[in-house]
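A structural walkthrough
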Amino acid sequence: MVWRAALFLLAAAAARAATGPAYVGEAACAKCHAALHSQWSHSRHSKMVQPATAASVQGDFNRGVVQLRGEPYVLKQRNGAFYITEPYLTGKPVEHRVEYTLGNRRIQLYLTTLADGRIIVLPPSWDIVRKEWFHNLDIDDPEEEPGVLIQIWNKSCYSCHVSQQEKNFDLQKKAYKTTWLNFGTNCERCHGPGSDHVAHYSSATPPKGPARDIVLQTRLDAARNTMVCAQCHSFRDIYVQGYAAGADYYNYFLPVLEYNLEDAGDPAYWPDGRTRRFSNDALGLWQSECYLKGGVTCVGCHVNAHETEIERNPQLRPDANALCTRCHEDIGKALPAHAHHAPASAGSSCVECHMPRTVYSIKAEIRDHSMSIPVPENTIRHNIPNACNLCHRDRNAQWTLARMNEWYTPLSRQKLIRRADAYAAARKNNPDSIAGLLAILAQPAEGPLTRANAAGYLGRFASDPRVFPALNSALTDAEPLVRAIAAQQIALAPAAERPATVAALARSLADPAATVRMGALVSLVGLGYRELPGEDGERLKSARMLYDARAALNSDDAGQQLAAGKFYFLSADPDRAIAAFRASLKLDPAIEAQYLLAGAYAEKSDLTEARKILEAIPASDPQYEKAQRLLKVILAQSPHF
């Protein structure tokens, strides 16, 4: 893998020479920080993805043949290498060399590179805990390729398992040449690019005092501190490539919130907005009172960030309450009175009650980082689990409710009840939710994630006269996430509010957060504004450049290219719209883009090509009726056809 590092270093040096420090790789850090590097190199962060070797592969390849979902998979070791023969991808047995392992704690997946550069997850996966093979589709929701479900690691897993990764997708060839600097989460993912630091401390007269040319999370405020971890530990869209430790998360990422997800059997969030799926711990923490009121950060509890294994951190044991009682001193002094359980029991463990295992990981349940309180009312109304009944499985939520009312004031749970009720009603498009959503959005103490989710849901009720003033006010909120979601949703406001909407969105084009500016751009284009006068027009062009870069980053995603095509069509840029629609069809021939593609050609006055595309859409296609209507318009305009 030396060639990967060499190529990356050359590219990084060229690209960043004029803009700031470059990435140098973990080996450069090890020269001075040998002890920390050794600790990191034995941690899970360094082993997210590794070369497949006898030391890294944990699966039992001596089992020969395993039957998974009715198909035989042949497992072999040969000359120190590992091989899986599968009949899944093409219908015929094909042997693949396992190049990389993914995961090393609960399960391990096995990756191979196909001829077109796609690095895929092979179906046989190893359950480390249960010591058994299982099919990857038992746990994952992979990308859908024509004719087969497959997880493409360098597309859908992009940006977290290795460091300084570049997808390098070639749309014309439909091929990847993905590169990265280091396997796993390297030093610079958390400390920022290190070329300046290395240069300064390699000189004959190194600086004295604390290093100021490298990022330390503990020197950052709570928001920027937690953003370092959130670059991976959050369910988010990448809006701008190039996040570096210490930067503003909202210039690069936007969380995918509950309001914006379709109903599914395995949702990412509970109905109250708390996280339900794994690798989302930062969004859990950002909802917690510990963070919102106390400024608690990830490394405030995970104090040894170079040793990520919880089992090796005694302060994180379930029976260790000291991390919590350092702030909640009075509770710590009278724990039985607060917990109403015996001091040494699970009921007196802070994390068992306030961080229950309600987040579903891969074949495991992990702790909820929102650090909330048990709310049996939400269990009864919305089937949201509570800590009490996870322990007292022989009791129901009504019993828990009686105990909670006996021991604590019901007022402490009202905020969480109102939140769940409002979200659940909004998901059903019930206008009775509006008052609750408005109250959440208007209350800064609710936190940015909760308030942004409320703003997202309010978009469903844009015609209600109460909604536009709230979203308009949210565009100047102190929190960039709230502003970003408001910028997306305010475009749905009634026509009567159009002048005020456009004026507000034009102001948002100057927002310091890139995600807000891009949201404002998309909304303005959706409203039909392709140009604006003066400085607003220049800001619109700058935001458009951000959008172009994001579309290029997602050039391997059919859905994203379809969305980009619609954006460019509305922007009166038919050439780019045509390119994006054709890209989406190249990536997924079944995607419903032909009608839109024909419309883009018609906009370009290429009626011959538009007609040819429309006539090829079969009657069984959902686009057929729209296609026929557009075809009639074209024929009416050009009778000689």
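All right, on to the overall build of the chain then. Within the chain one finds 30 helices and 20 strands. Its C-alpha radius of gyration of 27 Å places the chain within 12% of the 26 Å reference for a compact globule of 641 residues. Looking at the chain as a whole, 51% of its 641 residues qualify as buried. Summing over all exposed atoms, the chain offers an accessible surface of approximately 30100 Å²; the carbon and sulfur share of this is 55%.

To continue, consider the pairing of strand S3 (residues 71–78). Pairing geometry for strand S2 (residues 65–68) and S3, over 4 bridges, is antiparallel. Among the inter-strand pairings, glutamine 67 is bridged to a residue of S3, identified as proline 72. Between S2 and S3, which follow one another and run antiparallel, lie 2 residues, and arginine 69 among them has a positive phi close to 55°. Taken together, the 5 bridges between S3 and strand S4 (residues 81–86) define a ladder with antiparallel strand orientation. Looking across to S4, one finds that lysine 76 is bridged to tyrosine 83. Count of turn residues in the S3/S4 antiparallel hairpin: 2 residues, of which asparagine 79 carries a positive phi of about 55°.

Side chains that differ in charge, positive against negative, can pair when their charged atoms come close. Counting across every chain of the model gives 42 salt bridges. Taking the shortest distance from any N to any O, the salt bridge between arginine 427 and glutamate 258 comes out at 3.3 Å. Of this pair, arginine 427 sits in helix H18 (residues 414–427) while glutamate 258 sits in the loop between strand S18 (253–255) and helix H8 (281–285); the two residues are 169 residues apart in sequence, bridging distant segments of the chain. Comparing arginine 427 with glutamate 258, the two get one shared label, buried. As a salt-bridge pair, lysine 604 and aspartate 575 come within 2.9 Å of each other at their nearest N and O atoms. Highlighted residues: lysine 604 in the loop between helix H28 (594–603) and helix H29 (607–615) and aspartate 575 in helix H27 (residues 574–587), separated in sequence by 29 residues. Look at the salt bridges and you will find they share partners, linking Arg44, Arg105, Glu307, Glu309, Glu311 and Arg312 into a network.

This brings us to the nonpolar core. Counting 125 residues, the largest nonpolar core has Phe61, Trp286 and Leu437 as the members making the most contacts within it. Setting aside residues no more than four positions away along its own chain, tryptophan 286 makes contact with Thr226, Met227, Ala230, Tyr249, Tyr250, Tyr291, Leu292 and Leu449.

Here the focus is empty space enclosed by the protein. For the structure on display, the rule yields 3 cavities of 30 Å³ or more. The computed volume of the largest cavity comes to approximately 140 Å³. Taken together, 17 residues form the lining of the largest cavity, with Arg274, Ser372, Ile373, Val375 and Pro385 sitting closest to its centre.

With that settled, consider unusual backbone geometry. If a residue is not glycine, its phi is most likely negative; likewise, a peptide bond is most likely trans. Phi is positive for asparagine 383, close to 60°, though the residue is something other than glycine. Structurally, the position occupied by asparagine 383 is in the loop between helix H15 (376–382) and helix H16 (387–391). Its identity is not glycine, yet asparagine 429 carries a phi of approximately 60°, on the positive side. Here asparagine 429 is to be found in the loop between H18 and helix H19 (434–442).

Turning our attention to the packing of aromatic side chains. Any aromatic ring pair is given by two values, namely how distant the centres are and how the planes are angled relative to each other. Scanning the model with the defined rule gives 23 aromatic pairs in all. On the numbers, 5.3 Å between centres and 85° between planes, the contact of phenylalanine 61 with tryptophan 133 is edge-to-face. Residue phenylalanine 61 is found in the loop between strand S1 (49–51) and S2, and its partner tryptophan 133 is found in strand S10 (residues 132–135); the two are separated by 72 residues along the sequence. Classification of tryptophan 133 as buried rests on a relative accessible area of 8%. Look at tyrosine 100 and phenylalanine 183: their rings are 5.9 Å apart centre to centre, the planes differ by 50°, and that puts the pair in the tilted class. You can see tyrosine 100 sitting in strand S6 (residues 100–102) and its partner phenylalanine 183 sitting in strand S16 (residues 182–183), a full 83 residues away along the chain. One aromatic cluster is present, formed by Tyr243, Tyr249, Tyr250, Tyr252, Phe253 and Trp286 through successive ring pairs. We note lysine 167 situated over the ring of tyrosine 158; from NZ or CZ to the ring centre the distance is 5.0 Å. The ring of phenylalanine 134 carries the charged tip of lysine 363 above its face, separated from the ring centre by 4.1 Å.

Let us now look at the environment of proline 123. Here proline 123 shows up in the loop between strand S8 (119–121) and strand S9 (124–127). What makes proline 123 buried here is its relative accessible area of 5%. Considered as a pair, proline 123 and proline 51 are 72 residues apart in the sequence and their alpha carbons are 18 Å apart. Among residues more than four places away in sequence, those in contact with proline 123 are Tyr73, Tyr88, Phe134, His135 and Asn136.

A separate point is the packing of helix H26 (residues 558–570) against H28. Close contact between H26 and H28 brings their axes to 11 Å; oriented N to C, the two are set at 25°. Classified by the angle their axes make, H26 and H28 are roughly parallel. Crossing of H26 over H28 shows left-handed handedness. Across the interface between the two elements, Leu562, Lys566 and Phe569 of H26 pack against Leu596, Gly599, Ala600 and Glu603 of H28. Partitioned by chemical class, the residues of the contact of H26 with H28 number 4 nonpolar, 1 polar and 2 charged.

Let us now look at the side chain of glutamine 165. Examined against the element boundaries, glutamine 165 turns out to sit in the loop between strand S13 (162–163) and strand S14 (169–170). Owing to a relative accessible area of 7%, glutamine 165 belongs among the buried residues under this scheme.

Bringing the environment of aspartate 556 into the picture now. With respect to the helices and strands, the residue aspartate 556 is situated in the loop between helix H25 (534–553) and H26. Taking C-alpha positions, aspartate 556 is 9.8 Å from serine 156, a pair spaced 400 residues apart along the chain. For aspartate 556, the residues in contact, after removing those within four places along its chain, are Asn154, Lys155, Lys167, Phe169, Tyr176 and Leu587. At 3.0 Å, the side chain of aspartate 556 and the side chain of lysine 167 are in polar contact.

One open sheet accounts for 4 strands, arranged S2-S3-S4-S5; its pairing is antiparallel. With one partner strand each, in any of the chains shown, S2 and strand S5 (94–97) form the two edges of the open sheet. Mean inter-strand twist for the sheet, computed between neighbouring axes without regard to direction, equals 25°.

Averaged over every residue, the pLDDT of the chain is 93; residues scoring 70 or more account for 95%. Contacts from residues 1–17, a stretch scored under 50 in pLDDT, to residues over four places away or in other chains number 23 contacts.

Further remarks concern helix H24 (residues 514–526). In a regular helix each residue adds 1.5 Å, so 13 residues correspond to 18 Å; H24 covers 18 Å between its end C-alpha atoms and thus fits that length. The element H24 is largely enclosed, with a buried count of 10 among its 13 residues. Of the residues making up H24, those classed as buried are Ala514, Thr515, Val516, Met518, Gly519, Ala520, Leu521, Ser523, Leu524 and Val525. In this fold, the buried residues of H24 make contact with S18, helix H22 (480–489), helix H23 (498–508), H25 and H26. Within two residues after H24, glycine 528 carries a phi angle of roughly 95°, on the positive side.

Cut-off values and rules
- Residues numbered from 1 in each chain as written.
- Predicted model: local features only at pLDDT ≥ 70, side-chain atom pairs only at ≥ 80, totals over all residues.
- Heavy atoms only, no water.
- Helix = DSSP H or I, 4+ residues; strand = E, 2+ residues; numbered from the N terminus.
- Rg over C-alpha atoms; globule rule 2.2 N^0.38 Å.
- Buried < 20%, exposed > 50% of the residue type's maximum accessible area, 1.4 Å probe, protein only.
- Areas by Shrake-Rupley, 256 points an atom, 1.4 Å probe, with all protein chains shown as cover.
- Pairing = 2+ DSSP bridges.
- Salt bridge = Lys/Arg side-chain N within 4 Å of Asp/Glu carboxyl O.
- Core = buried A, V, L, I, M, F, W, Y, C linked by side-chain atoms within 4.5 Å.
- Contact = heavy atoms within 4.5 Å.
- 1 Å grid on protein atoms, 1.4 Å probe; cavity = no way out; pocket = protein on both sides within 12 Å on 5 of 7 lines; lining within 4 Å.
- Points joined across faces, edges and corners; volume = space filled by probe spheres on them.
- Phe/Tyr/Trp six-rings, centres within 6.5 Å; stacked < 30°, edge-to-face > 60°.
- Lys NZ or Arg CZ within 6 Å of the ring centre and 35° of its normal.
- Axes fitted to C-alpha atoms, helices over the stretch in contact; angles between N-to-C directions.
- Parallel < 35°, antiparallel > 145°, perpendicular 65-115°, else oblique.
- Left-handed = near helix turned anticlockwise from the far one by under 90°.
- Nonpolar A, V, L, I, M, F, W, Y, C, P; charged D, E, K, R; others polar.
- Polar contact = N/O pair within 3.5 Å; in protein donor to acceptor, adjacent residues only side chain to side chain.
- pLDDT = per-residue confidence, 0-100.
- Expected span 1.5 Å × (residues − 1).

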